[in-house]
Every structure is written in C-alpha cells, then in structure tokens.
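# Survey of secondary and tertiary structure
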Amino acid sequence: GSHDILKLLMLYIHKAHRIRIAYVAAALAAVLLVVGLFRWIMQPAHAYFSTDFVMVVDTTKPGNADNLFTIPIFGGGYNYNVDCDNDGVIEATNRTAAYTCTYATPGTYTIAISGNFPRIYFFNQPNSREKIMEVKQWGGQVWTTMQHAFRGASNVRITATDAPNLSAVTNM
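Cut-offs and rules
- Residues numbered from 1 in each chain as written.
- Predicted model: local features only at pLDDT ≥ 70, side-chain atom pairs only at ≥ 80, totals over all residues.
- Heavy atoms only, no water.
- Phe/Tyr/Trp six-rings, centres within 6.5 Å; stacked < 30°, edge-to-face > 60°.
- Helix = DSSP H or I, 4+ residues; strand = E, 2+ residues; numbered from the N terminus.
- Buried < 20%, exposed > 50% of the residue type's maximum accessible area, 1.4 Å probe, protein only.
- Disulfide = S-S within 2.5 Å.
- Polar contact = N/O pair within 3.5 Å; in protein donor to acceptor, adjacent residues only side chain to side chain.
- Core = buried A, V, L, I, M, F, W, Y, C linked by side-chain atoms within 4.5 Å.
- Contact = heavy atoms within 4.5 Å.
- Pairing = 2+ DSSP bridges.
- Lys, Arg positive; Asp, Glu negative; His and termini not counted.
- Salt bridge = Lys/Arg side-chain N within 4 Å of Asp/Glu carboxyl O.

## Re the packing of aromatic side chains
Applying the stated criterion to the full structure yields 13 aromatic pairs. An angle of 70° between the planes, with centres 5.5 Å apart, marks the rings of Tyr78 and Phe117 as edge-to-face. Of this pair, Tyr78 sits in the loop between β2 (68-71) and β3 (79-83) while Phe117 sits in the loop between β6 (108-116) and β7 (132-137), and the two are 39 residues apart along the sequence. Residue class for Phe117 comes out buried when judged on its relative accessible area of 1%.

## Some words on the state of the cysteines
For the structure shown, the criterion picks out one disulfide. Covalent S-S linkage joins Cys84 and Cys101, the inter-sulfur distance amounting to 2.2 Å. Across the disulfide from Cys84 to Cys101, rotation about the S-S bond amounts to roughly -75°, and the bridge is consequently left-handed. Pair noted here: Cys84 is in the loop between β3 and β4 (92-95) and Cys101 is in strand β5 (residues 99-102), with a separation of 17 residues, a long-range link. Look at Cys101 and you get buried, because its relative accessible area is 0%.

## Structural notes on the environment of Lys131
Along the chain, the position of Lys131 falls in the loop between β6 and β7. Residue Lys131 is classed as buried on the basis of its relative accessible area, which comes to 0%. For Lys131 and Thr108, which are 23 residues apart along the polypeptide, the C-alpha to C-alpha distance reads 9.2 Å. Here Ala65 takes part through its backbone oxygen, which lies 2.8 Å from a polar atom of the side chain of Lys131.

## Describing the nonpolar core
In terms of nonpolar packing, the biggest core is built from 30 residues, with Met55, Ile71, Ile111 and Phe117 touching the most fellow members. For this core, the elements supplying multiple residues, two or more each, are β1 (53-58), β2, β3, β5, β6 and β7. Here Phe117 is in contact with Phe53, Ile71, Pro72, Ile73, Tyr78, Tyr80, Gln141 and Trp143, once residues within four sequence places are set aside.

## Details of the pairing of β3
With four of its five residues buried, β3 lies for the most part within the structure. Two elements, β3 and β6, share five bridges in a ladder whose sense is antiparallel. Each residue of the ladder has a partner; that of Asn81, found in β6, is Ser114. Pairing of β3 with β4, which is carried by two bridges, proceeds in the antiparallel orientation. Directly across from Val82, in β4, lies its bridge partner Ala92.

## Quick notes on the side chain of Lys131
Buried Lys131, no salt bridge; nearest opposite-charge side chain is Asp66, N-O distance 7.0 Å. Polar side-chain contacts of Lys131 include one of 2.9 Å to the backbone oxygen of Leu68. Beyond its immediate chain neighbours, meaning those up to four positions away, Lys131 contacts Val56, Val57, Asp58, Thr59, Lys61, Pro62, Gly63, Asn64, Ala65, Asp66, Leu68 and Phe69.

## Quick look at the sheet that holds β6
What the six strands build is an open sheet, ordered β4-β3-β6-β1-β7-β8; its pairing is mixed. A single partner strand is all that each edge strand has here, and the edge strands are β4 and β8 (157-158). In this structure, β1 lies alongside β7, joined through four bridges in antiparallel fashion. Bridged to Val56 within β7 is Glu134.

## Regarding unusual backbone geometry
In this model, Asn86 sits at a positive phi of 55°, which is unusual for a non-glycine residue. With respect to the secondary-structure elements, Asn86 resides in the loop between β3 and β4. Residue classification places Asn86 among the buried residues on the basis of a relative accessible area of 19%. Although it is not a glycine, Asn124 sits at a positive phi angle of roughly 60°. Take Asn124: it is sitting in the loop between β6 and β7.

What follows is the structure in structure tokens.
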C-alpha cells in the first residue's frame, strides 16, 4: 500500500539526488579544470614579482669567473633577497653585503632582488660591470642614489617599462 509507494518515492528521490550530485560534481570539476588551465596559460613566464628589481646578466662576459655574478653594492641600508636564476627559489635572504650568484654553467641569467636594495653600484666593480646586460624592471624599490650606478657597465640596456622610484634620490 501506501508504505510501498512511500518507499518507491524515497528511492526515486534518493537516485535523482545522487544523479544531481554527480552532475554538479562533474560540472564543478570542469570549472576547476578550466580555471586551472586559464591560470596556467596566463601565468607570467617568470618567477619575479612586480616589486622586484630585475636584471639580466651574462656570466661569460669579462669579470670574475665565467659562472659567477657579484651583485655590486656600496654603502648601507641593505637588507635584500636574491633569486639568482628566476626560478622562484630565493638563494640568499636578508643580505646586508654583496652577494655572488654561482651557476653550474656559464650563461645568461635573470636575477630578481627583493627587500631593501637602495643602491646599485657598478663603478669600480670589475667583477660585474661588463656582465650586466639589461635592467628588465625597476620594481618598487625606493632608490637613494643613482650616482655611479651603471658607470662602467658598457653592455647594459634599460628595457624596463616601469620607472624607478627616485623620490629619495639626491645625487644622480
């Protein structure tokens, strides 16, 4: 009687509910797949952030050993981090002195610097000045001076599309 009809109705609702859940789960999986693919496709082809100072170096150029690049600093106020090869892995943290990136093979590398890096100083830096090839991005760093910043860096090109923050610079 009515008890059997109620059982059939409950079974029908249960099956319909399971089918709806399966459809919803499949639709959700499809959406997540599309979003994941979109994020992967739209991901920048680099690991650095928009706030990083980014430069390209060629370690085969004259200077120290052909698998090294020394980040030239001068003065104080530094507390910076270095990603030597644009892979998202920070090789050095909280640096207050010069840092030398060491590579397995000589070549061209993109270096990203984050944190407090108030000055770049290639003047009187024979180990590095001919190895810097490009400034790709100035980042969010507040520069304190540009005096002798790229002096002697005969190969450098500035391709950055952002502008350096020179609000604290008193000496160019």
